[in-house]
Amino acid sequence: MRKILLSILALTLLIGLNSAWAWEPDPNDKMQLEVQAAIINIKAKDPGMEDWFKNAAGYAVFPKVGKGGIGIGGAYGKGLVISGDKVVGKTSLTQVSIGLQLGGQAYAEFIFFKDDIALGEFKRGNYEMGAQASAVAATAGASADAAYNKGVAIFTNISGGVMAEASVGGQKFDFEAVQ
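Computed from a prediction, not measured in an experiment: that's the story for all the values here.

Asks: Just give me the short version of the side chain of Gln105, but keep the residues and values in it.
Replies: Secondary-structure assignment places Gln105 in strand E2 (residues 86-113). Classification of Gln105 as buried rests on a relative accessible area of 17%. Those residues in contact with Gln105 that sit more than four places away from it in its chain are Val65, Gly66, Lys67, Ile158, Gly160, Gly161 and Met163.

Asks: Kindly report on helix H4 (residues 116-123), identifying the contributing residues and their values.
Replies: Every buried residue belonging to H4 is among Ala118, Leu119 and Phe122, and all of these are buried. The buried residues of H4 occupy an angular sector of 100° when projected down its axis, which confines them to one face. Every exposed residue of H4 that faces more than 90 degrees away from the buried side is listed here: Asp116 and Ile117. By the N-cap criterion, in which a side-chain oxygen at the helix start approaches the backbone nitrogen of a residue two or three places on, H4 is capped by Asp115, the distance to Ile117 being 3.2 Å. Residue Gly125 follows H4 closely and has a positive phi angle near 90°.

Asks: Tell me about the pairing of strand E1 (residues 58-83), and name the residues and values.
Replies: With 23 bridges connecting them, E1 and E2 associate as antiparallel partners. Bridging across to E2, Phe62 finds its partner in Glu109. Hairpin connection, E1 to E2: the antiparallel pair is bridged by 2 residues, and Gly84 has positive phi, about 65°.

Asks: So what's going on with the pattern of salt bridges? Residues and values would help.
Replies: By the definition in use, this model includes 3 salt bridges. Ionic pairing is found between Lys64 and Glu34, a salt bridge with its closest N-O pair at 3.6 Å. Taken together, the residues span a long stretch of sequence, with Lys64 in strand E1 and Glu34 in helix H2 (residues 30-45) at a distance of 30 residues. When the shortest N-O distance is used, the salt bridge between Lys43 and Glu50 registers 2.8 Å. When its relative accessible area of 29% is taken as the criterion, Glu50 is described as partly exposed.

Asks: Any chance you could break down H2 for me, citing the residues and the numbers?
Replies: Spanning 16 residues, H2 covers 23 Å between terminal C-alpha atoms, matching the ideal 22 Å at 1.5 Å per step. Considered for burial, the residues of H2 that qualify are Gln32, Val35, Ala38, Ile39 and Ile42. The arc that holds every buried residue of H2, seen down its axis, measures 120°, which confines them to one face. Opposite the buried face of H2, by more than 90 degrees, sit the exposed residues Lys30 and Ala44. Near the N-terminus of H2, the side chain that reaches the backbone nitrogen of Met31, with its oxygen 3.0 Å away, is that of Asp29.

Analysis parameters
The numbers attached to residues start from 1 for each chain and follow its sequence in the written order. For a predicted model such as this one, the threshold for reporting local features is a pLDDT of at least 70, and the threshold for listing and counting side-chain atom pairs is 80 or more; totals across whole chains, interfaces and linings nevertheless cover every residue. Remark: hydrogens and water are excluded; side-chain values derive from all non-hydrogen atoms of the structure. Each helix is a run of DSSP H or I of at least 4 residues and each strand a run of E of at least 2, with the numbering of both proceeding from the N terminus. Any residue under 20% of the maximum accessible area for its type is buried, any over 50% is exposed, and the rest in between are partly exposed; the area is computed with a 1.4 Å probe on protein chains only. In what follows, residue pairs with any heavy atoms lying within 4.5 Å of each other are defined as contacts. Throughout, the arc means the angular range of directions from the helix axis out to the C-beta atoms. Counted as a polar contact is a pair of N or O atoms within 3.5 Å, where, for protein atoms, one must be capable of donating a hydrogen and the other of accepting one, and residues adjacent in sequence contribute only when both atoms are in side chains. Between any two strands, pairing holds if DSSP finds at least two bridges. Salt bridges, as used here, are contacts in which a Lys or Arg side-chain nitrogen is within 4 Å of a carboxyl oxygen on Asp or Glu. In this analysis, the expected span of each helix is defined as 1.5 Å times one less than the number of residues it contains.

Structure below.
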């Protein structure tokens, strides 16, 4: 009986500590609520994403990225950078692409940082990812096959629109620390 009680106590402490480290949004901050909704949506589409959120040194979430193009295209979105249980900064994403492309699309983008070095590089500002960086589209089980590339992993969750493209472009990110 004593072993069972100690096991229950240990499990309760572990669950309590784990949830204490999880980020909780400020209910009065619209951007934080949008980020939370994007996280809930991608976890619903692929439950394996939970491990990415738990194990990353930090992550950037862009809940609404708009993308469009006819020959020349672009994308833009705003988001937050989260490390541990707090928002450490605001960020924006811009992208310019050229090539065969037509249409428009809305999606959420998630960038996971494997360690403090990768997170630190992003937080220095003016971070860029070249055309060779690729994102994993969120589908059931997709996260299981994904891996970090140079300390970064990128996922997208399409929310609407249709876009056909064979284009080349890179993404640029700005970062602004918050207190």
